[in-house]
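Each chain, letter by letter, is given below.
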There are 2 protein chains.
Amino acid sequence: MQPVKFYFDFLNQSSRALYILMEASKIPFEAIPISTLKGEHLTGEYRDKVSHFKRLPVIQDDSFLLAESVAIFRHLNREKIVPEHWYPRRNFGRSRVDEFLEWQQRNMGLACSNYFKQKWLLPILGKTSTEETNASLLTERLNQSFKDFENLFLNKNKFVIGDNLSYADLMAICEIDQPKFIGFNPFNHHPKLGQWYEKVRDELGPYYKHVADEFDNKLKTAEKKIPEVMYLQQ
Amino acid sequence: MQPVKFYFDFLNQSSRALYILMEASKIPFEAIPISTLKGEHLTGEYRDKVSHFKRLPVIQDDSFLLAESVAIFRHLNREKIVPEHWYPRRNFGRSRVDEFLEWQQRNMGLACSNYFKQKWLLPILGKTSTEETNASLLTERLNQSFKDFENLFLNKNKFVIGDNLSYADLMAICEIDQPKFIGFNPFNHHPKLGQWYEKVRDELGPYYKHVADEFDNKLKTAEKKIPEVMYLQQ
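Thresholds, definitions, all that
Every chain is numbered independently, its residues counted from 1 as its sequence is written. Lettering for chains starts from A, numbering for ligands starts from 1, and both go in the order in which the items are written. This being a predicted model, a pLDDT of at least 70 is required before a residue's local features are given, and a value of 80 or more before pairs of side-chain atoms are given or counted; all residues contribute to the totals for chains, interfaces and linings. Side-chain figures throughout are based on the complete set of non-hydrogen atoms in the structure, without hydrogens or water. In this description, a line fitted to the C-alpha atoms serves as the axis of each element, helices being fitted only across the stretch in contact, and the angle between N-to-C directions of two axes falls anywhere from 0 to 180 degrees. Each helix corresponds to a stretch of at least 4 residues labelled H or I by DSSP, and each strand to a stretch of at least 2 residues labelled E; elements are numbered beginning at the N terminus. Any angle between 65 and 115 degrees counts as roughly perpendicular, while under 35 counts as roughly parallel, over 145 as roughly antiparallel, and the rest as oblique. Contacts: residue pairs with any heavy atoms within 4.5 Å of one another. Gly is put with the polar residues, along with every residue not named as nonpolar or charged; the nonpolar set is Ala, Val, Leu, Ile, Met, Phe, Trp, Tyr, Cys and Pro, and the charged set is Asp, Glu, Lys and Arg. When DSSP finds at least two bridges between two strands, those strands are taken to pair. For Phe, Tyr and Trp, where Trp contributes only its six-membered ring, two rings pair if their centres lie within 6.5 Å, and the inter-plane angle classes them as stacked under 30 degrees, edge-to-face over 60, or tilted in between. When a residue's accessible area, from a 1.4 Å probe over protein chains only, is under 20% of the maximum for its type it is buried; when over 50% it is exposed; and in between it is partly exposed. Only when the NZ atom of a Lys or the CZ atom of an Arg is both within 6 Å of the ring centre and within 35 degrees of the ring normal do we say a charge sits over the ring. Alignment of copies: least-squares fit on C-alpha atoms of residues with pLDDT of at least 70 in both copies. Handedness is read with the strands pointing away from the viewer; a crossover is right-handed when the path from the first strand over the helix to the second is clockwise. A side-chain nitrogen of Lys or Arg and a carboxyl oxygen of Asp or Glu constitute a salt bridge if their distance falls within 4 Å. Space inside and on the surface of the protein is sampled on a 1 Å grid over the protein atoms alone, with a cavity defined as a set of points where a 1.4 Å probe fits but cannot get out and a pocket as an open set with protein on both sides within 12 Å along at least 5 of 7 lines; lining residues have an atom within 4 Å of a point. Grid points are joined across faces, edges and corners, and a volume is the space filled by probe spheres set on the points. Defined here as a combined quantity, buried area equals the accessible surface (1.4 Å probe) lost by two parts on assembly, summed across both. Definition of a polar contact: a pair of N or O atoms within 3.5 Å, with one able to donate and the other able to accept a hydrogen when the atoms are protein atoms, and with sequence-neighbouring residues admitted only if both atoms are side-chain atoms.

Trainee: Could you give an account of the packing of helix α6 (residues 135-153) of chain A against helix α8 (residues 191-225) of chain A, with specific residues and numbers?
Mentor: Residues and elements named next belong to chain A. At a minimum axis separation of 9 Å, α6 and α8 run at an interaxial angle of 70 degrees. It follows from the interaxial angle that α6 and α8 lie roughly perpendicular. Facing F146, F149 and E150 of α6, the residues of α8 in contact are P191, K192, L193 and W196. Grouping the amino acids of the contact of α6 with α8 by side-chain chemistry returns five nonpolar, no polar and two charged.

Trainee: Describe the sheet that holds strand β3 (residues 58-61) of chain A, with residues and values.
Mentor: Residues and elements named next belong to chain A. Here four strands make up an open sheet; going across it, the order is β2-β1-β3-β4 and the pairing mixed. Bordering the open sheet on either side are β2 (29-33) and β4 (64-67), each of which pairs with just one other strand. Averaged over all pairs of adjacent strands, the angle between strand axes in this sheet comes to 20 degrees, irrespective of strand direction. Bridge analysis of strand β1 (residues 4-8) against β3 gives three bridges, and the strand direction is antiparallel.

Trainee: Describe in detail the sheet that holds strand β1 (residues 4-8) of chain B, supporting the description with residues and values.
Mentor: All names here are of chain B. The four strands lie next to each other as β2-β1-β3-β4, forming an open sheet whose pairing is mixed. Here the strands that pair on one side only, and so sit at the sheet edges, are β2 (29-33) and β4 (64-67). Pairwise comparison of adjacent strand axes, ignoring direction, gives a mean angle of 20 degrees for this sheet. Here strand β3 (residues 58-61) pairs with β4 via four bridges, running antiparallel. Of the residues in β4, the one forming a bridge with V58 is A67. Together, β1 and β2 form the strand contacts of helix α1 (residues 13-24), whose direction differs from that of β1 by roughly 150 degrees.

Trainee: I'd like a rundown of the packing of aromatic side chains, residues and numbers included.
Mentor: Evaluation of the coordinates by the stated rule reveals 48 aromatic pairs over all chains. Between F6(B) and Y19(B) the ring centres are 6.4 Å apart and the planes differ by 55 degrees, which places this aromatic pair in the tilted class. One end of the pair, F6(B), is in strand β1; the other, Y19(B), is in helix α1, with 13 residues separating them in the sequence. Classification of Y19(B) by relative accessible area gives buried; the value is 9%. Here the aromatic residues F53(A), F100(B), W103(B), F149(B), F153(B) and W196(B) are joined through ring pairs into a cluster of three or more. Cation over ring: R16(A) sits above F215(A), and NZ or CZ is 3.7 Å from the ring centre.

Trainee: Lay out the relation of the copies chain A and chain B in plain terms, naming residues and giving numbers.
Mentor: Under the fitted operation, chain A is carried onto chain B by 0.0 Å of movement along the axis and a turn of 180 degrees, and the coordinates agree to an RMSD of 0.0 Å. Classification of the inter-copy transformation places it as that of a two-fold axis. When the interface residues of chain A are mapped onto chain B, 100% of them again lie at the interface, so the same face is used by both copies.

Trainee: So what's going on with the pairing of β2(B)? Which residues, and what values?
Mentor: Residues and elements named next belong to chain B. In this structure, β1 lies alongside β2, joined through five bridges in parallel fashion. Across the sheet, residue Y7 finds its bridge partner in β2, namely I32. Crossover handedness for the path β1 to α1 to β2: right-handed.

Trainee: Describe the pattern of salt bridges, listing the residues and the values that go with them.
Mentor: In total, this model carries 22 salt bridges over all chains according to the counting rule given. The partner of D48(A) in a salt bridge is R47(A), and the shortest N-O contact between them spans 3.0 Å. For R47(A), a relative accessible area of 33% corresponds to the partly exposed category. Each of the salt bridges in this network shares a partner with another, and the network as a whole consists of R74(A), D98(A) and R78(B).

Trainee: Describe empty space enclosed by the protein, listing the residues and the values that go with them.
Mentor: Counted under the stated rule, the structure contains one cavity of 30 Å³ or more. Its boundaries defined by the atoms lining it, the largest cavity holds a volume of some 100 Å³. Surrounding the largest cavity, 13 residues form its lining, V70(A), R74(A), Q105(A), R74(B) and Q105(B) being those nearest its centre. Elements represented by at least two residues in the lining of the largest cavity include exactly α3 (69-79) and α4 (93-106) of chain A together with α3 (69-79) and α4 (93-106) of chain B. Split into classes, the residues belonging to the lining of the largest cavity amount to five nonpolar, two polar and six charged.

Trainee: Break down the interface of chain A and chain B for me, with residues and values.
Mentor: Contacts between the two partners involve 30 residues from chain A and, on the opposite side, 30 residues from chain B. Buried area between chain A and chain B, summed over both chains or domains, comes out near 2,700 Å², and the portion from carbon and sulfur atoms is 54%. Where chain A meets chain B, there are four salt bridges. Two residues, E68(B) and R106(A), come together in a salt bridge whose shortest N-O distance is 2.9 Å. Across the chain A-chain B interface, the total number found is 20 residue pairs in polar contact (both at pLDDT 80 or more). Looking at the side of chain A that touches chain B element by element, the count peaks at nine residues for α4(A). Class assignment for the residues of the side of chain A that touches chain B results in 12 nonpolar, six polar and 12 charged.

What follows is the structure, given as structure tokens:
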């Protein structure tokens, strides 16, 4: 069986989640880094032959190209051997993971990636936002989404859908790392979030650490190149 | 087997798509209409016992409550008998449907529901938007998303993922009906969209017609009650 080709960027939360999932599941894959900062996903061969969507991540499984991270997650579950706990059949676990992924895309995920985009990505690219960027509104939305996450998902169980780690936890920690790694403290008013975060990080162990370090490196390298822009943003 | 309890509102695109899917698949269900105009999804028993998410649609399958429409769609496919063409296993059809659903939630679906919210729902409720509402920007985003839909999904096949009708088509037509039924013509600059739309509508036949008529009735009834508001919006 050919290894899956995986087009990704460590700056991107869904890329990190799938990278960790494939490493932890021992799915053979060929990692093909694409630099979103250089705009490599927007032009040339990538746009023409890999993703008309001009998005990351993308996989190529044999000759089958697939975009959209949740679709990729489900594809891997159908076509490869992924340990049961990530997407469990028992007690309608798959339905609960699906429900969380859909909720978070519209809520916490949106708030996290928006914060990252406005506070880090656009300044680094030297661009100004097309939307109204109200710093306190970005923070308010982020805090509200963390509160919703605690109330809706962290009340009863050790992890999001029960006592075992699932893809819901993995996707959530990667989303939360977008604001966290550029200096936002998500645990300030959210102690339950803090406890859950530690448990997930510990459970993911070296798989998480490797990918988180790569993310951190990418942030620091980009900031070094454009220090004056970052200074203005403080 | 108990019929599935289905909490829905015909004003809501995902509610209509799942209603049609269950009718066409002969899945026994008990239809429980919830009026979003009256705010029934935000308070009382619905919020406390049915959906903490305060969202529609929701199903109750035996004692299992599930929100988020794409999660519900997949749950029905796992737990009930849904005809294969809606979510086909062959040729990675399920991955393609998943990819479309995720794309459209962030793109065409967002543009359609935003247009509906700003142009119809908020005025009917006598509310003003918290966001900047720029009428020409709403229209521009809608047209751009229809163009993307044509270019990315309507080039090669009769339907979105191939020669057979799938849930991708059903979700898409229900999304497009949000602006269409309140007076926006989606086919003006999009002939391919028009041809596809007719094929989907014809294929869905009476299942579509029934639900579309209910949607239209709900719109007209609400407008009759608050004619002066609608007049101001013209």
